[in-house]
Protein chains: 2
Amino acid sequence: MSERDYTLKEAMMFSQRIGQLSKALWKAVEKDWQLWIKPYDLNINEHHILWISYHLKGASISDVAKFGVMHVSTAFNFSKKLEERGLLSFSKRDTDKRNTYVELTDKGADLIQEMIEKYHDTPHTVIDGSLPLRELYGKFPEFMDVMAVIRNIYGNDFMEIFEASFKNIESKFSEENHILESKGKTENAL
Amino acid sequence: MSERDYTLKEAMMFSQRIGQLSKALWKAVEKDWQLWIKPYDLNINEHHILWISYHLKGASISDVAKFGVMHVSTAFNFSKKLEERGLLSFSKRDTDKRNTYVELTDKGADLIQEMIEKYHDTPHTVIDGSLPLRELYGKFPEFMDVMAVIRNIYGNDFMEIFEASFKNIESKFSEENHILESKGKTENAL
């Protein structure tokens, strides 16, 4: 092992911080997530696979696994179940014969759309817990230091998918606003 | 539901951010943690209970559950197993007859001490992934915005236990340094 320029004490303090915070944060996110998806008979992995397929407009199983932080076999097995329910379809791409891709069926896309519309039917403690920061800074927190750590651990690929998902949300909502505007009911849209 | 001063788009973007980051961060922490405790035949909940008991110098089962972000029954059942292995002991306090307290036995304290000494025998990706921030800022990141969110979700109690654990690490290491200094081998200590 190479020499470290930080002490064991520093490592213990930081390990305690990141361990406690990440566990507490994830458990809160998980609870909110479970309440949100409960009416739809989906578990978190299944919903996460649909969500990733939606935002990436189709994704390889290995991208689903990477971005969903799950084993490839988990991603594959749950994708199969979603296919059986008619929410997801499997395909090969001409440009990439080796990987299996999944994408949402129309039924899957409708389900995700419905879930987004019903987002506020269940409590979201992580949103509520972030509102004071939003008031303070004028926007929701971005957790830039966490992002830097995640980039170092999971690599640039992971962050590219992350950014792609934001762009997709951005464009989906612009489209919807556009449609709603042309229907003249923007004021109730959001 | 009261009127919201943020849009559904903002909620979706933030939900995506906090969901992805917290899952990825926790999975990395969990993996590091599992590798660290593997030689000791403990699961994460069991080690977390020992860790909390160590840092709080004894804790009520409800504090263990709160700070360990686990159900009270989980905290109780795993504490019982640790008691059977002679690592933890149960007691009542005269000042608080209603709660059950746990504290480390000498055997439990020796185990935790040994694990701290062997911390660097296994990889810690979250430490390694945070080193570039440490180089940039001169210290490990503190994740202040995550702390603010956690405080809002879990309350001041949670943060007080969090702070107490830091003070304990601080004082443990000062003691040890002091002992080692008096033995004249500080240079190899950390």
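Since this is a predicted model, take the numbers as computed values, not measurements.

Student: Could you clarify how one ought to interpret the UniProt feature "domain: HTH marR-type" (unreviewed entry) in chain A in this entry?
Tutor: Here, UniProt's "domain: HTH marR-type" (unreviewed entry) annotation points to residues 11-155 of chain A. The distance separating the terminal C-alpha atoms of residues 11-155 of chain A is 22 Å; by composition the span is 66% helix and 12% strand.

Student: Honestly, the packing of aromatic side chains in this entry has me stumped. Any pointers?
Tutor: Aromatic rings in a pair are described by how distant their centres are and how their planes are angled relative to each other. Counting across every chain of the model gives 24 aromatic pairs over all chains. Judged by centre distance (6.2 Å) and plane angle (85°), the ring pair of Trp-26 of chain B and Trp-33 of chain B falls under edge-to-face. Just as Trp-26 of chain B is buried, Trp-33 of chain B falls in that class too. Connected via pairs of aromatic rings, a cluster forms that spans Phe-67, Tyr-154, Phe-158, Phe-162 and Phe-166 of chain A. Lys-80 of chain A extends its terminal NZ or CZ atom over the ring of Phe-90 of chain A, reaching a point 4.5 Å from the ring centre.

Student: Explain helix H5 (residues 106-117) of chain B to me, please; I cannot follow it from the model alone.
Tutor: One turn of an α-helix holds 3.6 residues; hence residues three or four places apart share an orientation. Residues and elements named next belong to chain B. When the terminal C-alpha atoms of H5 are compared, their 16 Å separation across 12 residues agrees well with the 16 Å that a helix rising 1.5 Å per residue should span. Regarding H5, the residues found buried are Gly-108, Leu-111, Ile-112, Met-115 and Ile-116. Projected down its long axis, H5 carries its buried residues within an arc of 135°, all on one side. For H5, the exposed residues set more than 90 degrees away from the buried face come down to Asp-106, Lys-107, Asp-110 and Glu-117.

Student: Before we go on, may I ask you to explain the sheet that holds strand S3 (residues 96-104) of chain B in this structure?
Tutor: Strand pairing in a sheet relies on backbone hydrogen bonds. The paired strands run either parallel or antiparallel. Residue and element names in this part refer to chain B. Strand order across the open sheet formed by 3 strands is S1-S3-S2, with antiparallel pairing between neighbours. Across the chains shown, the open sheet's two edge strands, defined by having one partner strand only, are strand S1 (59-60) and strand S2 (88-93). Taken strand by strand, helix H2 (residues 44-56) contacts S1, S2 and S3, and its axis lies near 105° from that of S3.

Student: So what exactly am I meant to see when it comes to the interface of chain B and chain A here?
Tutor: Much of the literature gives interface size as the accessible area that the parts lose upon coming together. Each partner contributes to the interface: chain B provides 71 residues, whereas chain A provides 70 residues. Taking both partners together, chain B and chain A bury about 7,600 Å²; carbon and sulfur atoms supply 71% of that area. Arg-134 of chain A is paired through a salt bridge with Asp-5 of chain B; the nearest N and O atoms lie 3.7 Å apart. Run the count over chain B and chain A and you get 30 residue pairs in polar contact (both at pLDDT 80 or more). Elements with a minimum of two residues in the side of chain B that touches chain A: helix H1 (8-37), H2, helix H3 (61-68), helix H6 (125-128), helix H7 (131-137), helix H8 (144-154) and helix H9 (156-182) of chain B. The residue inventory of the side of chain B that touches chain A, partitioned by class, reads 43 nonpolar, 16 polar and 12 charged.

Student: Just checking my understanding: could you explain the sheet that holds strand S2 (residues 88-93) of chain A for this structure?
Tutor: Residues and elements named next belong to chain A. Taken together, the 3 strands give an open sheet; going across it, the order is S1-S3-S2, and neighbouring strands pair in antiparallel fashion. This sheet does not close on itself; its edge strands, each paired only once, are strand S1 (59-60) and S2. Sheet analysis places S2 next to strand S3 (residues 96-104), joined by 6 bridges and oriented antiparallel. Across the sheet, Phe-90 pairs through a bridge with Val-102, a residue of S3. Taken strand by strand, helix H2 (residues 44-55) contacts S1, S2 and S3, and its axis lies near 105° from that of S3.

Cut-offs and rules
Residues numbered from 1 in each chain as written. Chains lettered and ligands numbered in written order. Predicted model: local features only at pLDDT ≥ 70, side-chain atom pairs only at ≥ 80, totals over all residues. Heavy atoms only, no water. UniProt positions renumbered as here; feature names shortened; annotations may be inferred. Helix = DSSP H or I, 4+ residues; strand = E, 2+ residues; numbered from the N terminus. Phe/Tyr/Trp six-rings, centres within 6.5 Å; stacked < 30°, edge-to-face > 60°. Buried < 20%, exposed > 50% of the residue type's maximum accessible area, 1.4 Å probe, protein only. Lys NZ or Arg CZ within 6 Å of the ring centre and 35° of its normal. Expected span 1.5 Å × (residues − 1). Arc of directions from axis to C-beta. Pairing = 2+ DSSP bridges. Contact = heavy atoms within 4.5 Å. Axes fitted to C-alpha atoms, helices over the stretch in contact; angles between N-to-C directions. Buried area = accessible area lost by both parts, 1.4 Å probe. Salt bridge = Lys/Arg side-chain N within 4 Å of Asp/Glu carboxyl O. Polar contact = N/O pair within 3.5 Å; in protein donor to acceptor, adjacent residues only side chain to side chain. Nonpolar A, V, L, I, M, F, W, Y, C, P; charged D, E, K, R; others polar.

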